[in-house]
Amino acid sequence: MKTPTFCYLLLLFSGWASSLQAQEPDSLGMSLDQVVVTGTRAARAASQVSASISIIDRDQLDQSSHINVLPSIVPHVPGLLLNDRSTVGFGVGPGSGGNLSIRGISGTPNNRILVLIDGQPQFMGIFSHPIADAYHATDIERVEVIRGAASVLYGSNAMGGAINLITAKNNSPGWTGQAAATAGSFGTRTLSGKLSFQSGKWESVISLNHGATDGFRDDAADGFSNTSVFYKLTHRLGDGLSLAGDVQLSDASYQHPGTVEAPLSDDQRDYRRGRVALGLTNEGDKASGAVLLYHNFGEHRFTTGFESVDFNQGLSLYQNLKLVPGQTLTVGVEHSRFGGEANNDRLPPPAAIGLDATHRVRQTEVYLQVQQAFWQKLHLNAGVREVYNSQFGNMTVPGFGLSFEVNPRSVLKASSSRAFRSPSVVDLFLFPPSNMELRPESLWNHELGFLRSFSGGKWDLELVLYYTKGDNLIQVDAEGGPPRNRNTGAFRNKGLESQVNFKPTGDLGFLFSYNFADVSENVLFTPRHYVKLQMNGQLGKFQIVPFVQQVFGLRNSLVSEAESETYSLLNLQVNYQITARLRAHVLGNNLLDSNYQLENGYPMPGINMAAGINYQFKPKNK
């Protein structure tokens, strides 16, 4: 489908809008007064933060029927592209899905977008990429996405941005819960349940999720299965102190199908992942912050012979101090250790470099950020992070920005920040290209933003211009000798992000974004033009949520003769509120049956459908 069909869909959405009747307020929208914590580590209004931030709250997550949280946030984040190559699940290892791209910054493996859970970094200890299958919607209360460099506050891997998943909580006394089940095309099925309890100063949340599919490829085996459990316990100690601990375990199996040119039927990858975290937070008029401990671990076994155990653990301490009127001083210290051991008995000795040994990288960091308000309209911030890494030594990461309230409905923003990625264990120690002398990848991101609210809050507009210059990218260099990892890569990306939230009535909302990216020739997985449109409307007991994506000029191969991808997608979810607690839904994906590939050689699913129910229960007094 080309552009004319996309225009027809816009007209169709407008026609639906005229027939919608008032029901519950629509939750689409971005307000200048929304409070965020990810952009500064302290709660502040979005209009006072110089970074570009997208916010997805619990109501918006509940509208989606996805068991994983990542597909649910795609409509809300301008330019965010997700490689969701299966009807459920992403997999691990070469050729798997789950890649994220923001402003042309991604990677293979996907280690240049940082995923956090409650501000704690989440990545596999050997390859340094997030495990997309570990993030379930039931476990998450809210998502905040920084688009652009975020290393001053969050360290390594936050080159293209940071996605902070804020875990679920229960603020209402007594028991609450929900259970959901879906079944769909290609043997896809999901089950999820969540139970929350709050009494006095104690609060607990437990969830269980299972997702599986037989796969859609006729020429290869591409099934998937994942079972996950999450538990969180919080105790409010008083005087603004709160102690929380959580644990998450998942057991997954993925069949890698290979490319259409070389399909596979026997490449199965089993992996178990876990996370344990403990945090003590303090909230006060003069000081707020946290002490955070985390430990991520995993075990992977592939039928190709590859096996690994890995870890990523650390301690984070930070405080936001308000000692001077209008000023917030954030001071933080972090110490982390990541690594693991890999082996593969099928590899000949020349290819097994670094295997059968445990490798560790240690990193200690100190950061400081000052935020100063002038006349309640101008907000300046400046920060710096000092990094000491056991492999490459020292690095300084500065950043600064401002936001200016032109009037109560308009805000100007500007920022310039450095970001970096520490070399991973596989870069440094494993396989023939490894190189222990690697330096960190780095970039500078410069951006200018404008936010405007129109017509009493019915229209919200965000415009962002950015320029990103990346250097020291780690890539395999075969010139002058055997292939070896070297810091020889570079890129220059520039572009425009725009988003409009339009809520003409309480029962109807539109979320539209357009992203233009002019990226270097060595950058993949980034559309030159990327349009998203989601409508959310109520018609009686029906909720209608169509989502359209139009992609132009996506490069999925470094081969110069390869054509770029241009395609359109239409997804449609219809919810029906059977009772106050019981909801049914039908979801159709790729209803235009578009044929496209986000990764060269790996086709995406055609038309696929799913249907399910969701039951919520609350105490009688609610």
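Cut-offs applied
Residues numbered from 1 in each chain as written. Predicted model: local features only at pLDDT ≥ 70, side-chain atom pairs only at ≥ 80, totals over all residues. Heavy atoms only, no water. Helix = DSSP H or I, 4+ residues; strand = E, 2+ residues; numbered from the N terminus. Rg over C-alpha atoms; globule rule 2.2 N^0.38 Å. Contact = heavy atoms within 4.5 Å. Areas by Shrake-Rupley, 256 points an atom, 1.4 Å probe, with all protein chains shown as cover. Lys, Arg positive; Asp, Glu negative; His and termini not counted. Charge placed at Lys NZ, Arg CZ, Asp CG, Glu CD. Buried < 20%, exposed > 50% of the residue type's maximum accessible area, 1.4 Å probe, protein only. pLDDT = per-residue confidence, 0-100. Polar contact = N/O pair within 3.5 Å; in protein donor to acceptor, adjacent residues only side chain to side chain. Phe/Tyr/Trp six-rings, centres within 6.5 Å; stacked < 30°, edge-to-face > 60°. Lys NZ or Arg CZ within 6 Å of the ring centre and 35° of its normal. Patch = residues over 30% accessible without salt bridge, like charges linked within 9 Å, V, L, I, M, F, W, Y side chains within 5 Å. Salt bridge = Lys/Arg side-chain N within 4 Å of Asp/Glu carboxyl O. Core = buried A, V, L, I, M, F, W, Y, C linked by side-chain atoms within 4.5 Å.

**Here we look at the overall build of the protein**
Phase 1: Secondary structure assignment for the protein yields five helices and 31 strands.
Phase 2: Its C-alpha atoms give the protein a radius of gyration of 24 Å, near enough to 25 Å, the size a compact globule of 622 residues would have.
Phase 3: The C-alpha extent of the protein, read off along each of the three principal axes, is 70 × 65 × 50 Å.
Phase 4: Relative to all contacts within the protein whose residues are 6 or more apart in sequence, the contacts with residues 24 or more apart total 61%.
Phase 5: Summed over all atoms, the accessible surface of the protein reaches about 25,100 Å², with 58% contributed by carbon and sulfur.
Phase 6: For the protein, the distance from the average position of its 51 positive side-chain charges to the average position of its 54 negative side-chain charges is 7 Å.

**So, unusual backbone geometry**
With the exception of glycine, most residues fall at negative phi, and the peptide bonds are largely trans.
Phase 1: Unusually for a residue other than glycine, Ser 128 sits at a positive phi of about 65 degrees.
Phase 2: Topologically, Ser 128 is positioned in the loop between β7 (120-122) and β8 (140-147).
Phase 3: Looking at Ser 128, the relative accessible area reads 2%, which means it is buried.
Phase 4: Backbone geometry at Asn 472 places phi at a positive 60 degrees, although glycine is not the residue there.

**Some remarks on the confidence of the model for the protein**
Phase 1: Predicted confidence across the protein gives a mean pLDDT of 91, with 93% of residues reaching 70 or more.
Phase 2: Across residues 14-30, confidence stays below pLDDT 50; counting only partners more than four residues off in sequence or on other chains, it has 48 contacts.

**Focus: the side chain of Asn 282**
Phase 1: Along the polypeptide, Asn 282 turns up in strand β15 (residues 268-283).
Phase 2: Residue Asn 282 is classed as buried on the basis of its relative accessible area of 17%.
Phase 3: Separated by 2.9 Å, the side chains of Asn 282 and Gln 319 make a polar contact.
Phase 4: Once residues lying within four places of it in the same chain are set aside, the contact partners of Asn 282 are Gly 240, Leu 241, Ala 287, Ser 288, Gly 289, Ala 290 and Gln 319.

**Topic: the packing of aromatic side chains**
Phase 1: In the structure shown here, the tally under the stated rule is eleven aromatic pairs.
Phase 2: Taken together, a centroid distance of 5.7 Å and an interplanar angle of 80 degrees make the contact between Phe 123 and Phe 338 edge-to-face. Here Phe 123 is found in the loop between β7 and β8, whereas its partner Phe 338 is found in strand β18 (residues 327-343), with 215 residues between them in sequence. By the burial criterion, Phe 123 is buried, and Phe 338 matches it.
Phase 3: When the centroid spacing of 4.8 Å and the interplanar angle of 50 degrees are considered together, the rings of Phe 542 and Tyr 576 count as tilted. Of this pair, Phe 542 sits in strand β28 (residues 542-554) while Tyr 576 sits in strand β29 (residues 565-577), and the two are 34 residues apart along the sequence.
Phase 4: Residue classification places Phe 542 among the partly exposed positions, given a relative accessible area of 39%.
Phase 5: You can call Tyr 576 partly exposed: its relative accessible area is 32%.
Phase 6: Through a chain of ring-to-ring contacts, the aromatic side chains of Phe 127, Phe 302 and Phe 306 assemble into a single cluster.
Phase 7: Geometry around Phe 302 places Arg 269 over its ring, the cationic atom sitting 5.2 Å from the centre.

**Considering a nonpolar patch on the surface**
Phase 1: A cluster of nonpolar side chains, namely Trp 175, Leu 195, Trp 202, Ile 206, Leu 208, Val 229, Tyr 231, Leu 233, Val 247, Leu 249 and Val 276, defines an oily patch on the protein surface of about 910 Å² accessible area.
Phase 2: The topology assignment puts Leu 195 in strand β11 (residues 188-199).
Phase 3: Among the residues examined, Leu 195 registers a relative accessible area of 32% and is labelled partly exposed.

**Brief notes about the pattern of salt bridges**
Pairing of side chains with opposite charge becomes possible as their charged atoms draw close.
Phase 1: Counted according to the given criterion, the structure contains 26 salt bridges.
Phase 2: For the salt bridge of Asp 267 with Arg 269, the shortest nitrogen-to-oxygen distance reads 3.2 Å. Both residues of the pair, Asp 267 and Arg 269, count as buried.
Phase 3: In this structure, Arg 385 and Glu 365 form a salt bridge, with 2.7 Å as the shortest nitrogen-oxygen distance. Of this pair, Arg 385 sits in strand β20 (residues 378-389) while Glu 365 sits in strand β19 (residues 358-374), and the two are 20 residues apart along the sequence.
Phase 4: The structure contains a network of salt bridges with shared partners spanning Arg 103, Arg 147, Glu 447, Glu 462 and Glu 497.

**Comments concerning the side chain of Asn 589**
Phase 1: Within the element layout of this structure, Asn 589 appears in strand β30 (residues 582-589).
Phase 2: Overall, the relative accessible area of 17% leaves Asn 589 in the buried class.
Phase 3: Once residues within four sequence positions are removed from consideration, Asn 589 is found in contact with Leu 570, Asn 571, Gly 606, Ile 607 and Asn 608.

**Points about the nonpolar core**
Phase 1: Counting 77 residues, the largest nonpolar core has Val 69, Ile 73, Val 143 and Leu 165 as its most contacted members.
Phase 2: At five residues, strand β6 (residues 113-117) tops the list of elements feeding residues into this core.
Phase 3: Setting aside residues up to four positions removed in sequence, Ile 73 forms contacts with Ile 56, Leu 61, Leu 80, Val 143, Val 145 and Ile 163.

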